[in-house]
Amino acid sequence: MLPEDLEDLDPGLAAERTTLAWARTAIAFGAVGAAMLRKEPVAGVIVLAMTPLIWALGRFVGQRAARPELVSRRLLLVTVIVVMVSVLAVGVALLGHSPTSLSQLLPLHG
Amino acid sequence: MVERRAARDGRDDRDPGSSHAATEPDARFTLANERTFLAWNRTALALVVAGLGIVQLLPPFPGVPWGRHVLGVPLIVLGAAVSVTSYREWRQNQAALRRGAPLPRSVLPRVLAVTIAGIAALSAAVLLVSAVR
């Protein structure tokens, strides 16, 4: 007899899917960073640097049960990073086409 | 499942909003909520990269120098808005799961559909203006 919910056979599947979702999200940051790299090297490198960070956040999926409040903080960090990337993108879009030096991008963070 | 049912049947009837009555939901619901959040954030990133692509990779529209910015910048802003909203909804869903309450309805599908339809209309307008000039 199969259980009503197939996941009762192996609850680890949900955690695994979640780890994979984190990996996809990290890869998405990598793709966005790589796409920006040619025209906007500095912004591209900043976004690319988020890939290992997001990947690392996803590594903690298994150990969450004890500290639910840490999950909230990790997800907030993802949102903060996405908003930061959007601000960077609007800056790059409005400031024109090749702010290749860091000093041209820094005012965006202020 | 067991904790969730206990929360629904028992103690939290007197005040569903208080953290006193809340219990940690089934881990699978928490994980599914988290995956939904992550999926919306990938969507947000796709919107940002689409907006940036329009501004940087398209050739300028003849006669409409601001055309690419009018289309691209709102997409990027929408990306940021989707990310912030998905975080808020993740929190609301998590709170509802703790109380054993029904999940609140997400506004994101509507926001996404309305904005993309708006961008499509705007694209048509820019193309028309560009063709007329």
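Residues numbered from 1 in each chain as written. Chains lettered and ligands numbered in written order. Predicted model: local features only at pLDDT ≥ 70, side-chain atom pairs only at ≥ 80, totals over all residues.

Observations regarding the environment of B:Thr36
Residue and element names in this part refer to chain B.
For step 1, the next point in the chain: Mapping Thr36 onto the fold places it in helix α2 (residues 27-57).
For step 2, the next point in the chain: The exposure class assigned to Thr36 is partly exposed, which follows from the 17 C-beta atoms found within 10 Å.
For step 3, the next point in the chain: Each C-alpha atom of the pair Thr36 and Gly79 lies 16 Å from the other, and the pair is 43 residues apart in sequence. (Helix = DSSP H or I, 4+ residues; strand = E, 2+ residues; numbered from the N terminus. Buried ≥ 20, exposed ≤ 12 C-beta atoms within 10 Å, placed from the backbone.)

Considerations on the confidence of the model for chain A
Atomic detail in the predicted coordinates should be set aside for any region of low pLDDT.
Residues and elements named next belong to chain A.
For step 1, the next point in the chain: Of all residues in chain A, 72% have pLDDT values of 70 or greater, and the mean over the chain is 80.
For step 2, the next point in the chain: By mean pLDDT, the top-scoring element of chain A is helix α2 (residues 41-48) (92), and the lowest-scoring one is helix α5 (residues 102-105) (50).
For step 3, the next point in the chain: Confidence drops under a pLDDT of 50 for residues 98-102, and excluding neighbours within four residues, the segment shows seven contacts in the predicted structure. (pLDDT = per-residue confidence, 0-100. Contact = placed C-beta atoms within 7 Å.)

A short note on the interface of chain B and chain A
For step 1, the next point in the chain: Each partner contributes residues to the interface: chain B has 31 residues there, and chain A has 31 residues.
For step 2, the next point in the chain: For the side of chain B that touches chain A, the secondary structure elements donating two or more residues are α2 and α3 (67-99) of chain B.
For step 3, the next point in the chain: Counting residues per element, the side of chain B that touches chain A draws most heavily on α2(B), at 19 residues.

Section: helix α3 (residues 50-58) of chain A
All names here are of chain A.
For step 1, the next point in the chain: Regarding α3, the residues found buried are Met50, Ile54 and Gly58. The buried side chains of α3 occupy one side of the element, clustering within an arc of 80° when seen end-on. With respect to the buried face of α3, the exposed residues turned more than 90 degrees away are Pro52 and Ala56. (Arc of directions from axis to C-beta.)

A short note on the packing of helix α1 (residues 12-37) of chain A against α3(A)
Residues and elements named next belong to chain A.
For step 1, the next point in the chain: Two elements in contact, α1 and α3, have axes whose closest approach is 8 Å; the angle formed by their N-to-C orientations is 175°. In terms of orientation, α1 and α3 fall into the roughly antiparallel class. Between α1, through Thr19, Trp22, Ala23, Thr25, Ala26, Phe29, Gly30 and Gly33, and α3, the contact on the second element is made entirely by Met50, Thr51, Ile54, Trp55, Leu57 and Gly58.
For step 2, the next point in the chain: For the contact of α1 with α3, the per-class residue count stands at eight nonpolar, six polar and no charged. (Axes fitted to C-alpha atoms, helices over the stretch in contact; angles between N-to-C directions. Parallel < 35°, antiparallel > 145°, perpendicular 65-115°, else oblique. Nonpolar A, V, L, I, M, F, W, Y, C, P; charged D, E, K, R; others polar.)

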